[in-house]
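# Tertiary structure, described
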2 protein chains.
Amino acid sequence: MIVALAGGVGGAKLARGLAAIAGADLSVIVNTGDDFDHFDLRICPDLDTVTYTLAGKANPVMGWGLEGESWNFMAQMKALGGEDWFQLGDRDLAIHVLRSQLLRQGESLTRVTRKIATRLGVKAAVLPMSDAPVRTRVQTASGLLDFQDYFVRLKCDVPITGLRFDGAAQADPTQPVVHALDKAQIAIFCPSNPFVSIDPILAIAGIHSRLKAMRIARVAVSPIIGGKAVKGPAAKMMAELGYQVSSLTVAQKYRGLIDGMVIDMADADLAGDIRALGMAVKTTRTLMLSPEDSAALAAETVAFAREIGGR
Amino acid sequence: MIVALAGGVGGAKLARGLAAIAGADLSVIVNTGDDFDHFDLRICPDLDTVTYTLAGKANPVMGWGLEGESWNFMAQMKALGGEDWFQLGDRDLAIHVLRSQLLRQGESLTRVTRKIATRLGVKAAVLPMSDAPVRTRVQTASGLLDFQDYFVRLKCDVPITGLRFDGAAQADPTQPVVHALDKAQIAIFCPSNPFVSIDPILAIAGIHSRLKAMRIARVAVSPIIGGKAVKGPAAKMMAELGYQVSSLTVAQKYRGLIDGMVIDMADADLAGDIRALGMAVKTTRTLMLSPEDSAALAAETVAFAREIGGR
């Protein structure tokens, strides 16, 4: 039994590798802080990226959305003068419409996510961190922004001063999340953005306290390679928030919650400093450009966690 | 100034011909009794058919929806196990999503329809008969059915015993509808289904009374040719409701509201009986297979109305 924490693209890629090892014995607890309502539809970017990637249907070029997607809805919406800052593919839209319908009918996000994932052939459990709304908000010099406003509309092109996870203090982990954490033999922090993908999950007290108290091996895979993020604003955020852009910063951030770090061989020189924080270090190739890369990194990460063992 | 009453395909085709004559001086009062909510989206089949047809963007093969449409949303919805009995094209969906969003924001259906039509390049006024909900319900041996349940899901494959227009008694015509009726020099009943396209419009007292009191020429174009409907269940309904399937039945139905009937030359033998009802008759080719056909029939209908003149 493996439990993984994940946000979007990088996390989803490792999750795919983990699913190749664990199948239905993998539970992925996914960030829902990026979720938002657009056109009165509930959009859950990270849940969908993880689901699509586990289904082997993620768009390999864009890094989000579905493969072989078409954009006729968007083109028409633009022609009509509707909002077109957030791209919704024609196939992707079916998920948002169905999810919104089922949520309005009173189904939980957890059940709806399971229904969609099952239909797409996903064996692993894709678990929203909570069924309660948690919304990431970005503090900037020009005020507080909704996450997708910052991330998509403004393309992260404004310096941030902090982050807030509205609703996290009131949010409970779902029963399947609690169950996955309680039964896991290995916990893996995927290489997702620590600030906006993993932190919202950790902001839920019922998840944080369980991870902290766990006696199994907890391993994080760093999303930083050679001082850069593979994708997305992780490095930019790290710098703007006053941290060194480094896997060492990631290790410091997760201190007390993890027993080991997997870092890229480009960052081998950081191994000593990370070990000094009281955790084991595995150095390997962490860049995932193919499903084979994902499978290899997942296998190495799981082997590393087994080596560390429980406390 | 021309005012036309229309439902779906046949009405839209004549409206296109009328628009070629009158341009922005055409107002089309459109049936909204077919409107329904699906996936929490407001679908307005007749408004959209009229708008798409006037925009020259209607799908010529299907007779509904947009030309060059794609169906990837629907395919994915089906794959997800969602409802797939009502076909929504990818481009078409943008109209439903935008309309639903604007309606939820408090805009009236009239304003939203104008916004969409303007964006699609329509010069004529496409006017919902009312901003208040009117819902056509079909009485059958097996109970009362919502219109789209009957029309699309059951493909009209159940005999009807009657029709109801829920909400019509409480519905007022909109200000633009009243204005169009008051200013019109000619009123035309398009060749739409009398029972489910025109009757819901006439069920609104504020429209019925104005049409009845009008002193301008009011002309109906029969949707029946040689005892058959060109498209849709008009003939079937006529028979099931105990009427003769004939343009004479249409003339009898509209008696007191119209001054003249345009019928197909295939029905020339009915001219005497229709004249006996106290109305003028014009016999011509009424089948519209091309925009040129629509323009020709519209021109003949307008000329006929001018001939009749006001009372």
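Residues numbered from 1 in each chain as written. Chains lettered and ligands numbered in written order. Predicted model: local features only at pLDDT ≥ 70, side-chain atom pairs only at ≥ 80, totals over all residues.

### Describing the overall build of chain A
- For chain A, the helix and strand inventory stands at 13 helices and 14 strands.
- In terms of overall dimensions, chain A is globule-like: its C-alpha atoms have a radius of gyration of 18 Å, near the 19 Å expected for 311 residues.
- Based on the C-alpha atoms only, the size of chain A along its principal axes is roughly 60 × 40 × 40 Å.
- By the burial criterion, 52% of the 311 residues in chain A qualify as buried.
- Of the contacts formed within chain A by residues at least 6 apart in sequence, a portion of 68% connects residues at least 24 apart. (Helix = DSSP H or I, 4+ residues; strand = E, 2+ residues; numbered from the N terminus. Rg over C-alpha atoms; globule rule 2.2 N^0.38 Å. Buried ≥ 20, exposed ≤ 12 C-beta atoms within 10 Å, placed from the backbone. Contact = placed C-beta atoms within 7 Å.)

### Looking at the interface of chain A and chain B
- Each side of the interface is counted separately: chain A has 23 residues, and chain B has 23 residues.
- Listed by contribution, the elements that provide at least two residues to the side of chain A that touches chain B are α3 (72-79), α4 (90-104) and α5 (109-119) of chain A.
- Ranked by residue count, the leading element in the side of chain A that touches chain B is α4 of chain A, at 10 residues.
- Residue classes in the side of chain A that touches chain B are distributed as 11 nonpolar, 7 polar and 5 charged. (Nonpolar A, V, L, I, M, F, W, Y, C, P; charged D, E, K, R; others polar.)

### Quick word on the packing of α4 of chain A against helix α3 (residues 72-79) of chain B
- Where α4 of chain A meets α3 of chain B, the closest approach of the two axes is 7 Å, and the angle between their N-to-C directions is 50°. Regarding the angle of α4 of chain A to α3 of chain B, the classification is oblique. Like other packed secondary-structure pairs, α4 of chain A and α3 of chain B cross with a definite hand, here right-handed. The residues of α3 of chain B that touch α4 of chain A, namely those facing D90, R91, L93, A94 and L98 of chain A, are N72, F73, Q76 and M77 of chain B. (Axes fitted to C-alpha atoms, helices over the stretch in contact; angles between N-to-C directions. Parallel < 35°, antiparallel > 145°, perpendicular 65-115°, else oblique. Left-handed = near helix turned anticlockwise from the far one by under 90°.)

### As for the relation of the copies chain A and chain B
- With an RMSD of 0.0 Å, the fit of chain A onto chain B corresponds to turning through 180° and sliding 0.0 Å along the axis. Each copy turns onto its partner about a two-fold axis. Ranked by how close their C-alpha atoms come to the rotation axis, the residues of chain A are headed by D90 of chain A, at 3.0 Å.
- Interface overlap between copies is the fraction of interface residues in one copy that are interface residues in the other; for chain A against chain B it reaches 100%, indicating a shared surface. (Least-squares fit on C-alpha atoms with pLDDT ≥ 70 in both.)

### Overview of the environment of A141 of chain B
All names here are of chain B.
- For A141, the position within the fold is in the loop between β6 (135-140) and β7 (143-146).
- Residues A141 and P159 lie 18 residues apart in sequence; the distance between their C-alpha atoms is 7.2 Å.
- Filtering out sequence-adjacent residues up to four positions away, A141 remains in contact with P159 and T161.

### Quick look at the sheet that holds β6 of chain B
Residues and elements named next belong to chain B.
- What the 3 strands build is an open sheet, ordered β7-β6-β8; its pairing is antiparallel. Two strands bound the open sheet, and with one partner strand each, they are β7 and β8 (160-166). Adjacent strand axes in the sheet meet at a mean angle of 30°, parallel and antiparallel pairs treated alike.
- Contacts from helix α8 (residues 194-202) reach β6 and β8 within the one sheet, and its direction differs from that of β8 by about 30°. (Pairing = 2+ DSSP bridges.)

### Let's talk about the sheet that holds strand β14 (residues 280-284) of chain B
All names here are of chain B.
- If you trace the 7 strands from one edge of the open sheet to the other, you get β5-β2-β1-β9-β10-β13-β14, paired in parallel fashion. Edge positions in the sheet fall to β5 (125-128) and β14, since each has one partner strand and no second. Ignoring strand direction, the axes of neighbouring strands in this sheet form an average angle of 20°.
- Note: strand β10 (residues 217-221) against strand β13 (residues 260-264), 3 bridges, orientation parallel. Across the sheet, the residue bridging to V219 is G260, located in β13.
- Against the sheet, helix α1 (residues 9-22) engages β1 (2-6), β2 (26-30), β9 (186-189) and β10, with an angle of about 170° to β1.
- Across the sheet, helix α2 (residues 45-54) is in contact with β1, β2 and β5; its angle to β5 comes to roughly 175°.

### A few points about the packing of helix α1 (residues 9-22) of chain A against helix α2 (residues 45-54) of chain A
Residue and element names in this part refer to chain A.
- It is the contact of α1 with α2, at a shortest axis distance of 9 Å, that shows an interaxial angle of 35°. The two elements α1 and α2 cross, and the hand of that crossing is right-handed. The segment α1 lies against α2, with V9, G11, A12, K13, A15, R16 and A19 engaging T49, V50, T53 and L54.
- Grouping the amino acids of the contact of α1 with α2 by side-chain chemistry returns 6 nonpolar, 3 polar and 2 charged.

### Some details on the pairing of strand β10 (residues 217-221) of chain A
Residues and elements named next belong to chain A.
- Burial runs high along β10: 5 of the 5 residues are buried.
- On β10, burial covers both faces: A217, V219 and V221 on one face and R218 and A220 on the other are all buried.
- Summarising the sheet, strand β9 (residues 186-189) and β10 pair through 4 bridges and their orientation is parallel. Bridge pairing in β10 places I186 opposite A217.

### A few points about the nonpolar core
- In terms of nonpolar packing, the biggest core is built from 204 residues, with V28 of chain A together with V28 of chain B touching the most fellow members.
- Excluding residues that lie within four positions of it along the chain, V28 of chain A makes contacts with A4, A6, A15, V50, A124, A125, V126 and L127 of chain A. (Core = buried A, V, L, I, M, F, W, Y, C linked by C-beta atoms within 7 Å.)

### A look at the environment of K57 of chain B
Residues and elements named next belong to chain B.
- Within the element layout of this structure, K57 appears in the loop between α2 and α3.
- In this structure K57 comes out as partly exposed when scored by C-beta crowding, with 17 C-beta atoms within 10 Å.
- Here K57 is in contact with Y52, L66, E67 and L120, once residues within four sequence places are set aside.

### Quick notes on the pairing of β5 of chain B
All names here are of chain B.
- The alternating pattern of β5 places A125 and L127 on one face and V126 and P128 on the opposite face, and all of these are buried.
- Pairing analysis gives 4 bridges linking β2 to β5, with the strands arranged parallel. When the bridges of β5 are listed, I29 appears paired with L127.

### A closer look at unusual backbone geometry
- In the Ramachandran plot, D40 of chain A falls in the positive-phi region, its phi being about 60° despite a non-glycine side chain.
- Relative to the helices and strands, D40 of chain A resides in the loop between β3 (36-38) and β4 (41-43).

### Some points on α1 of chain B
Residue and element names in this part refer to chain B.
- Here α1 spans 20 Å end to end across 14 residues, near enough to the 20 Å set by a 1.5 Å rise per residue.
- Extensive coverage of α1 is indicated by the burial of 12 of its 14 residues.
- Those residues of α1 lying buried are V9, G10, G11, A12, K13, L14, A15, R16, G17, L18, A19 and A22. (Expected span 1.5 Å × (residues − 1).)

### Here's the deal with the environment of N31 of chain A
Residues and elements named next belong to chain A.
- With respect to the helices and strands, N31 occurs in the loop between β2 (26-30) and β3.
- Sequence separation between N31 and V134 is 103 residues; the distance between their C-alpha atoms is 9.0 Å.
- Ignoring anything within four residues of it in the chain, the contact list for N31 reads G7, D46, M129, S197, P200 and I201.

### Quick word on helix α13 (residues 291-308) of chain A
All names here are of chain A.
- With 18 residues, α13 extends 26 Å from end C-alpha to end C-alpha; this agrees with the ideal 26 Å at 1.5 Å per step.
- S294, L297, A298, T301, V302, F304 and A305 are the residues of α13 that are buried. The arc that holds every buried residue of α13, seen down its axis, measures 160°, which confines them to one face. Counted as exposed and oriented over 90 degrees from the buried face of α13: E292, A303 and E307. (Arc of directions from axis to C-beta.)

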